[in-house]
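So the chains spell out like this:
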Number of protein chains: 2
Amino acid sequence: MAKAARTRISVWLENSGTAGTGTGSGTGAGSGTGTSTGAGAARATRTRRGEQPSGLDRDRITEATAKLLDAEGLAKFSMRRLAGELGVTAMSLYWYVDTKDDLLELALDRVFGEFPDRAAAGGPGPDVGPSWQTELRELAAEYRALLVRHPWVSPLLGNFLNVGPHALRFAAAVQRVMARTGLSPAAQRGAIPSVFQFVYGFGTVEGHFRQRCAEVGMEQDEYFRKAMAEFTMPPEMAETFQHTERVMEEMDSGETVEQIRDRDFRTALDLQIAGIEALVAREPDRG
Amino acid sequence: MAKAARTRISVWLENSGTAGTGTGSGTGAGSGTGTSTGAGAARATRTRRGEQPSGLDRDRITEATAKLLDAEGLAKFSMRRLAGELGVTAMSLYWYVDTKDDLLELALDRVFGEFPDRAAAGGPGPDVGPSWQTELRELAAEYRALLVRHPWVSPLLGNFLNVGPHALRFAAAVQRVMARTGLSPAAQRGAIPSVFQFVYGFGTVEGHFRQRCAEVGMEQDEYFRKAMAEFTMPPEMAETFQHTERVMEEMDSGETVEQIRDRDFRTALDLQIAGIEALVAREPDRG
DNA sequence: ACCTGAACACCGTTCAAGT
DNA sequence: ACCTGAACACCGTTCAAGT
């Protein structure tokens with residue numbers, strides 16, 4: 001009852017449910033072709049001759065999507081709006097993409113392609129190059145920067161599986177650093193979310209705050225002060241919130257919101273790295 | 001240009017922008033009354049006599065909102081749908097609430113009220129009762145449980161400031177444990193997101209996954225296996241993803257997805273606590 | 001004081017039709 | 001093979017009107 005079961009939750013997974021029969025003309029994009037990074041061009045390249053009238057293809061659409069999301073945010077994004085940007089009707093898009101969600105997933109993976117392409121494992125020996133500590137810091141900083149640069153990424157990460165080729169490349173890089181810490185595989189599996197879910201949350205609120213400031217056209221410090229002023233703290237709690245008070249003091253002594261945030265981020269990474277080191281020391285020796 | 005500036009981003013902040021003039025009849029809810037936990041009842045109590053025809057009030061609406069969000073998720077929630085549930089037209093709701101977003105914020109804070117009410121600071125001396133370690137674990141576990149119980153909370157937390165009375169009570173509890181660790185105030189400000197943004201991210205993906213399973217009517221293990229089967233790993237990456245492989249192995253040896261997740265969560269908290277302890281040991285003695 | 005109906009300006013998506 | 005127009009079933013919100 002109620003529409004055929006559809007378990008697929010990602011463009012990157014094989015189509016399932018109603019297997020085989022298919023439901024229409026425009027489906028089946030990228031089944032099995034997705035191993036190379038240029039997966040998005042699948043349908044377009046299949047007909048490489050005679051250029052589409054409007055010059056549309058999956059890649060151009062995905063690119064325009066990311067650009068529009070950067071410019072106006074997730075809330076204002078719509079298929080009609082995007083189509084307008086591309087000089088085409090909304091329905092043309094559905095030739096290249098099954099649903100709006102699929103398109104968002106494509107855009108999501110696209111920006112993960114902005115990560116510098118780290119050397120794969122098995123390159124130089126395990127004891128040359130940067131320590132796992134500094135490489136972990138780098139990865140965290142890059143992830144944070146991505147989330148701040150593209151505030152729309154964060155809500156999408158919450159909704160989709162994110163197993164596109166670029167996201168996988170990043171996940172692999174994460175797993176490789178963790179493997180170098182000396183933690184047991186089981187402990188690595190706890191350490192990964194410990195570090196990168198933290199970064200996710202941190203980058204999310206940071207990006208969101210910056211976006212908000214941009215929308216109202218205020219500086220971050222200005223906006224922070226204003227929000228504090230408007231907010232009437234319940235008096236019985238006032239004493240508990242030492243941190244907020246302290247931030248205000250630090251701002252008064254000339255430090256910016258951004259500087260304070262950077263310092264907090266660094267502290268948190270110090271904490272995480274120290275935590276990993278402690279767990280390693282605690283574990284029975286292994287190889 | 002383009003609509004009067006409106007900086008307010010939370011029901012809990014004083015109305016601002018267009019200050020004084022106001023734009024209509026039904027605005028101005030809760031200006032300054034919000035210090036007590038029962039702030040939502042403000043308008044209703046003001047007219048305590050003669051019971052509204054439909055029995056509507058802000059509290060009942062907020063309650064119904066949370067219930068509907070639990071039942072059908074954020075995506076399917078709408079003012080019209082909620083109104084239907086309350087046996088009323090959508091527009092009636094706008095008498096009690098300015099916008100849909102305000103209502104969502106009210107519901108958000110409401111579920112933060114589910115946290116057990118922790119004793120305020122200044123109760124028993126600092127060295128009786130549970131250690132900061134076990135209290136931190138408890139807070140983390142409760143937060144995780146909240147996010148899993150109400151998967152719609154997570155996306156809302158990303159969008160709103162969340163400075164309602166109940167959320168503040170929780171934040172205060174967090175600050176109090178951190179104050180007991182021995183960290184400097186500056187380090188505390190890094191440690192808080194380190195721990196609780198991790199929990200946020202962890203609880204988010206867990207809650208989301210469970211919701212997905214419920215929607216398609218599958219067990220978690222079943223769904224996990226299915227997703228893995230549908231996913232064709234890029235061959236050059238297969239060797240990197242040891243963890244995923246290992247999870248599959250552990251599932252084959254009888255462990256459930258849930259058990260593995262619990263173990264990972266515990267490991268991450270071990271890591272975080274060890275990290276805090278290391279930072280404390282590293283800092284110059286204080287107090 | 002509280003509630004409604006009609007209307008506005010949007011959505012994502014389907015479907016039959018055009019070229 | 002690619003694109004469109006019209007239509008369906010929705011949104012949040014406003015506004016004038018009812019009781």
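Quick caveat: nothing in here was measured; it's all calculated off a predicted structure. (Residues numbered from 1 in each chain as written. Chains lettered and ligands numbered in written order. Predicted model: local features only at pLDDT ≥ 70, side-chain atom pairs only at ≥ 80, totals over all residues. Heavy atoms only, no water.)

1. Considering the overall build of chain A
Link 1 in the chain: Regarding its fold elements, chain A presents 12 helices and 0 strands.
Link 2 in the chain: For chain A, the succession of helices and strands along the chain, N to C, is α-α-α-α-α-α-α-α-α-α-α-α.
Link 3 in the chain: For chain A, restricting intrachain contacts to residue pairs at least 6 apart in sequence, the fraction spanning at least 24 positions comes to 73%.
Link 4 in the chain: Entry remark: accessible area of chain A is about 14,200 Å², with carbon and sulfur atoms responsible for 53%. (Helix = DSSP H or I, 4+ residues; strand = E, 2+ residues; numbered from the N terminus. Contact = heavy atoms within 4.5 Å. Areas by Shrake-Rupley, 256 points an atom, 1.4 Å probe, with all protein chains shown as cover.)

2. Let's talk about the environment of Pro193 of chain A
Link 1 in the chain: Mapping Pro193 of chain A onto the fold places it in helix 9 (residues 185-216).
Link 2 in the chain: Sequence separation between Pro193 of chain A and Leu161 of chain A is 32 residues, and the spatial gap between their C-alpha atoms is 15 Å.
Link 3 in the chain: If near-sequence neighbours (up to four positions away) are discounted, Pro193 of chain A is found in contact with Phe198 of chain A together with Phe198 and Phe202 of chain B.

3. Section: the UniProt feature "domain: HTH tetR-type" (unreviewed entry) in chain A
Link 1 in the chain: The feature "domain: HTH tetR-type" (unreviewed entry), as given by UniProt, occupies residues 55-115 of chain A in the numbering adopted here.
Link 2 in the chain: The span residues 55-115 of chain A carries 75% helix and 0% strand; its end-to-end C-alpha distance comes to 28 Å. (UniProt positions renumbered as here; feature names shortened; annotations may be inferred.)

4. Some details on the relation of the copies chain A and chain B
Link 1 in the chain: Relative to chain B, chain A is turned by 180 degrees and slid 0.0 Å along the rotation axis, the superposed coordinates differing by an RMSD of 0.0 Å. On the angle and the small slide along the axis, the relation comes out as a two-fold axis.
Link 2 in the chain: When the interface residues of chain A are mapped onto chain B, 100% of them are again interface residues, pointing to one common binding face. (Least-squares fit on C-alpha atoms with pLDDT ≥ 70 in both.)

5. Observations regarding the packing of aromatic side chains
Link 1 in the chain: Going through the model one piece at a time under the given rule, you end up with 21 aromatic pairs over all chains.
Link 2 in the chain: With a centroid separation of 5.1 Å and 55 degrees between ring planes, the pair formed by Phe202 of chain B and Phe265 of chain B is classed as tilted. Here Phe202 of chain B is found in helix 9 (residues 185-216), whereas its partner Phe265 of chain B is found in helix 12 (residues 257-282), with 63 residues between them in sequence. Side by side, Phe202 of chain B and Phe265 of chain B carry an identical accessibility label, which is buried.
Link 3 in the chain: Taken together, Phe112, Phe115, Tyr143, Phe170 and Phe196 of chain A form an aromatic cluster joined through their ring pairs.
Link 4 in the chain: The ring of Phe265 of chain B has Arg144 of chain B lying over it, and the distance from NZ or CZ to the ring centre is 4.5 Å. (Phe/Tyr/Trp six-rings, centres within 6.5 Å; stacked < 30°, edge-to-face > 60°. Buried < 20%, exposed > 50% of the residue type's maximum accessible area, 1.4 Å probe, protein only. Lys NZ or Arg CZ within 6 Å of the ring centre and 35° of its normal.)

6. Side note on the packing of helix 5 (residues 100-112) of chain B against helix 8 (residues 165-179) of chain B
Residue and element names in this part refer to chain B.
Link 1 in the chain: Remark: helix 5 packs on helix 8, axes separated minimally by 7 Å, with the N-to-C direction vectors making an angle of 45 degrees. As far as their axial angle goes, helix 8 and helix 5 are oblique. Crossing handedness for the pair helix 5 and helix 8: left-handed. The residues of helix 8 that touch helix 5, namely those facing Asp109, Arg110 and Phe112, are Pro165, His166, Ala167, Arg169 and Phe170.
Link 2 in the chain: Class assignment for the residues of the contact of helix 5 with helix 8 results in 4 nonpolar, 1 polar and 3 charged. (Axes fitted to C-alpha atoms, helices over the stretch in contact; angles between N-to-C directions. Parallel < 35°, antiparallel > 145°, perpendicular 65-115°, else oblique. Left-handed = near helix turned anticlockwise from the far one by under 90°. Nonpolar A, V, L, I, M, F, W, Y, C, P; charged D, E, K, R; others polar.)

7. Examining the UniProt feature "DNA-binding region" (unreviewed entry) in chain A
Link 1 in the chain: The positions UniProt marks with the feature "DNA-binding region" (unreviewed entry) are residues 78-97 of chain A.
Link 2 in the chain: For residues 78-97 of chain A, helix accounts for 70% and strand for 0%, while the C-alpha atoms at its two ends are 14 Å apart.

8. Observations concerning the interface of chain A and chain B
Link 1 in the chain: Listed as interface residues are 67 residues of chain A and, on the opposing side, 68 residues of chain B.
Link 2 in the chain: Counting each side, the surface lost to burial between chain A and chain B is near 6,000 Å², with a carbon and sulfur contribution of 64%.
Link 3 in the chain: On the chain A side of the contact with chain B, Arg189, His243 and Leu271 of chain A bury the most area, a combined 13% of that side's loss.
Link 4 in the chain: On inspection of chain A and its partner chain B, the count reaches 4 salt bridges.
Link 5 in the chain: The residue Arg189 of chain A makes a salt bridge to Asp264 of chain B at a minimum N-O spacing of 3.3 Å.
Link 6 in the chain: Counting every contact that joins chain A to chain B gives 15 residue pairs in polar contact (both at pLDDT 80 or more).
Link 7 in the chain: For the side of chain A that touches chain B, the elements supplying multiple residues, two or more each, are helix 7 (153-159), helix 8 (165-179), helix 9, helix 10 (220-230), helix 11 (242-252) and helix 12 (257-282) of chain A.
Link 8 in the chain: Each residue belonging to the side of chain A that touches chain B can be placed in one class, and the counts come to 34 nonpolar, 19 polar and 14 charged. (Buried area = accessible area lost by both parts, 1.4 Å probe. Salt bridge = Lys/Arg side-chain N within 4 Å of Asp/Glu carboxyl O. Polar contact = N/O pair within 3.5 Å; in protein donor to acceptor, adjacent residues only side chain to side chain.)

9. Examining the packing of helix 10 (residues 220-230) of chain B against helix 11 (residues 242-252) of chain B
Two quantities define a packed helix pair, namely the angle between the helix axes and the distance between the axes.
All names here are of chain B.
Link 1 in the chain: The N-to-C vectors of helix 10 and helix 11 enclose an angle of 135 degrees; their axes lie 12 Å apart at closest approach. With respect to helix 11, the element helix 10 is oriented oblique. Between helix 10 and helix 11 the crossing geometry is left-handed. Only Thr244, Val247, Met248, Met251 and Asp252 of helix 11 make contact with helix 10, whose side of the interface consists of Asp221, Phe224, Arg225 and Met228.

10. Here's the deal with the confidence of the model for chain A
All names here are of chain A.
Link 1 in the chain: Of the residues in chain A, 79% have a pLDDT of 70 or more, and the chain-wide mean is 83.
Link 2 in the chain: Across residues 1-5 the pLDDT falls below 50, and counting only partners more than four positions away or on other chains, this stretch makes 3 contacts in the model.
Link 3 in the chain: Low pLDDT, under 50, characterises residues 16-50; the predicted model gives this stretch 29 contacts beyond four residues in sequence or across chains. (pLDDT = per-residue confidence, 0-100.)

11. Thoughts on the environment of Ser131 of chain B
All names here are of chain B.
Link 1 in the chain: Inspection of the secondary structure assignment puts Ser131 in the loop between helix 5 and helix 6 (132-149).
Link 2 in the chain: Sequence separation between Ser131 and Val216 is 85 residues; the distance between their C-alpha atoms is 42 Å.
Link 3 in the chain: Among the polar contacts listed, one links the side chain of Ser131 to the backbone nitrogen of Thr134, at a separation of 3.2 Å.

12. A short note on the nonpolar core
Link 1 in the chain: Core analysis: the largest hydrophobic core is formed by 135 residues, its most contacted members being Phe112 and Tyr143 of chain A together with Phe112 and Tyr143 of chain B.
Link 2 in the chain: Ignoring anything within four residues of it in the chain, the contact list for Tyr143 of chain B reads Phe112, Phe115, Leu157, Phe170, Phe196, Val199 and Tyr200 of chain B. (Core = buried A, V, L, I, M, F, W, Y, C linked by side-chain atoms within 4.5 Å.)

13. Re the environment of Ala66 of chain A
Residue and element names in this part refer to chain A.
Link 1 in the chain: As for its placement among the helices and strands, Ala66 is situated in helix 2 (residues 58-76).
Link 2 in the chain: Measuring from C-alpha to C-alpha, the distance between Ala66 and Ala145 comes to 16 Å, with 79 residues separating the pair along the chain.
Link 3 in the chain: Setting aside residues up to four positions removed in sequence, Ala66 forms contacts with Ala107, Arg110 and Trp152.

14. Observations regarding the pattern of salt bridges
Side-chain pairing between opposite charges can occur once the charged atoms of the two side chains come close.
Link 1 in the chain: For the coordinates displayed, the defined rule picks out 34 salt bridges over all chains.
Link 2 in the chain: Linking Arg144 of chain A and Asp262 of chain A is a salt bridge whose minimum nitrogen-to-oxygen distance equals 2.8 Å. Within this pair, whereas Arg144 of chain A is found in helix 6 (residues 132-149), its partner Asp262 of chain A is found in helix 12, the two being separated by 118 residues in sequence.
Link 3 in the chain: Here Arg144 of chain A falls in the buried class, since its relative accessible area comes to 11%.
Link 4 in the chain: When its relative accessible area of 32% is taken as the criterion, Asp262 of chain A is described as partly exposed.
Link 5 in the chain: Residue Lys226 of chain B pairs with Glu230 of chain B through a salt bridge whose shortest N-O separation is 2.8 Å. With a gap of 4 residues between them, Lys226 of chain B and Glu230 of chain B both fall in helix 10, about one helical turn apart.
Link 6 in the chain: On the basis of relative accessible area, Lys226 of chain B is assigned to the partly exposed category, the value being 29%.

15. Here we look at the side chain of Thr181 of chain B
All names here are of chain B.
Link 1 in the chain: Checked against the element boundaries, Thr181 lands in the loop between helix 8 and helix 9.
Link 2 in the chain: Given the relative accessible area of 8%, Thr181 is considered buried.
Link 3 in the chain: Within the local environment of Thr181, its side chain forms a polar contact with the backbone oxygen of Met178, the two atoms lying 2.6 Å apart.
Link 4 in the chain: Sequence-distant contacts of Thr181, defined by excluding residues within four places in its chain, comprise Trp132, Ile276 and Val280.

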